[in-house]
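So you can see what is in the structure, the chains are spelled out below.
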Amino acid sequence: MSYKILSKFIKDISFEIPSAQVFVMLEKEIKKYNLNFDIKSKQFKENIIEVNTVLKLIPGDDVKNKMMTEINLTALVSLEKKFKDKKELEKIILVDVPTEVYPTLYDTFVYLFSQAGLKNLSIEKEVNFEKMYNEKFNS
């Protein structure tokens, strides 16, 4: 393995249910929301990069009463070598690290909904970052 996650932490959480109406409708309308990921990276120190994996729940256009959920989980990643091939580094940032940290993101997401009193929500547990990467770069 050419990288190692040194640490991970929740950098930011926003979980807003703005009204009782949104709360009441949420279990019915959750299927109209889409999971969205945004992955960004930046240099932290020499051979260490900060990878931010942001999970957002985006309401569809037909959702009248909207909630807002966003979690940014940051991983500090040590690179064990210099990458001559930028594609290899890109894949670590966009596929490998998000795949490794997603279970923590998912568990945090489910915990927030559970603590908000919403227990019967079906949220996508499996996310294929490799497929998302391939679709992005093959289009």
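In this report, we go over the structure that sits alongside the text. Per chain, residue numbering runs from 1 following the sequence as it is written. Side-chain atom pairs in this predicted model are given and counted only at pLDDT of 80 or more, local residue features only at pLDDT of at least 70, and totals for whole chains, interfaces and linings cover all residues. Based on all heavy atoms of the structure, the side-chain values leave hydrogens and waters out of the count.

### Notes on the packing of aromatic side chains
And step 1. Working definition: a ring pair exists when centres of Phe, Tyr or Trp rings (six-membered ring for Trp) sit within 6.5 Å. Plane angles under 30 degrees give stacked, over 60 give edge-to-face, the rest tilted. Summed over all chains, the structure comprises six aromatic pairs.
And step 2. With a centroid separation of 5.1 Å and 85° between ring planes, the pair formed by F15 and F113 is classed as edge-to-face. Taken together, the residues span a long stretch of sequence, with F15 in strand 1 (residues 3–16) and F113 in helix 2 (residues 86–115) at a distance of 98 residues.
And step 3. Summarising the aromatic geometry, the rings of Y102 and F129 are spaced 6.0 Å apart at their centres and angled 65° between planes, so their arrangement reads as edge-to-face. Residue Y102 is located in helix 2, and its partner F129 is located in helix 3 (residues 129–138); the two are separated by 27 residues in the primary sequence.
And step 4. For the exposure calls, accessible area comes from a 1.4 Å probe over protein chains only, and a residue counts as buried if that area is under 20% of its type's maximum, exposed if over 50%, partly exposed in between. For F129, a relative accessible area of 1% puts it in the buried group.
And step 5. In textbook terms, an aromatic cluster arises when at least three aromatic residues are bridged by ring pairs, as seen for F37, Y102, Y106 and F129. Helix and strand definitions follow DSSP, with helices as H or I runs of at least four residues and strands as E runs of at least two, each counted in order from the N terminus.

### Quick word on the layout of surface pockets
And step 1. For the second largest pocket, the calculated volume is near 210 Å³.
And step 2. Around the second largest pocket, the lining residues are F37, D38, I39, L94, F129, M132, Y133, K136 and F137.
And step 3. Those elements giving two or more residues to the lining of the second largest pocket turn out to be strand 2 (33–45) and helix 3.
And step 4. Per-element accounting of the lining of the second largest pocket gives the leading share, five residues, to helix 3.
And step 5. As a working rule, the residues Ala, Val, Leu, Ile, Met, Phe, Trp, Tyr, Cys and Pro are called nonpolar, Asp, Glu, Lys and Arg charged, and the rest polar, with Gly in that last group. For the lining of the second largest pocket, the class distribution of residues is seven nonpolar, no polar and two charged. Cavities and pockets are found on a 1 Å grid laid over the protein atoms alone: a cavity is a set of points where a 1.4 Å probe fits but cannot escape, a pocket is an open set with protein on both sides within 12 Å along at least five of seven lines, and a lining residue has an atom within 4 Å of such a point. Grid points are joined across faces, edges and corners, and a volume is the space filled by probe spheres set on the points.

### Remarks on the side chain of T53
And step 1. Among the structural elements, T53 can be located in strand 3 (residues 48–59).
And step 2. By the convention used here, residues are in contact when the closest approach between their heavy atoms is within 4.5 Å. Not counting chain neighbours up to four residues away, the residues in contact with T53 comprise F37, D38, I39, I71, N72, L73, P98, V101 and L105.

### Points about the sheet that holds strand 2
And step 1. For two strands to pair, DSSP has to find at least two bridges joining them. Pairing is antiparallel across the open sheet formed by four strands, whose spatial order is 1-4-3-2. Taken across any chain shown, the strands that pair with only one partner, and hence form the sheet edges, are strand 1 and strand 2. Sheet twist, expressed as the average angle between the axes of neighbouring strands with direction ignored, equals 15°.
And step 2. Lines fitted to the C-alpha atoms define the axes, with helices restricted to the stretch that makes contact. Angles between their N-to-C directions range from 0 to 180 degrees. Strands in contact with helix 2 are strand 1, strand 2, strand 3 and strand 4 (68–79); relative to strand 1, the strand with the most contacts, it is inclined by about 45°.

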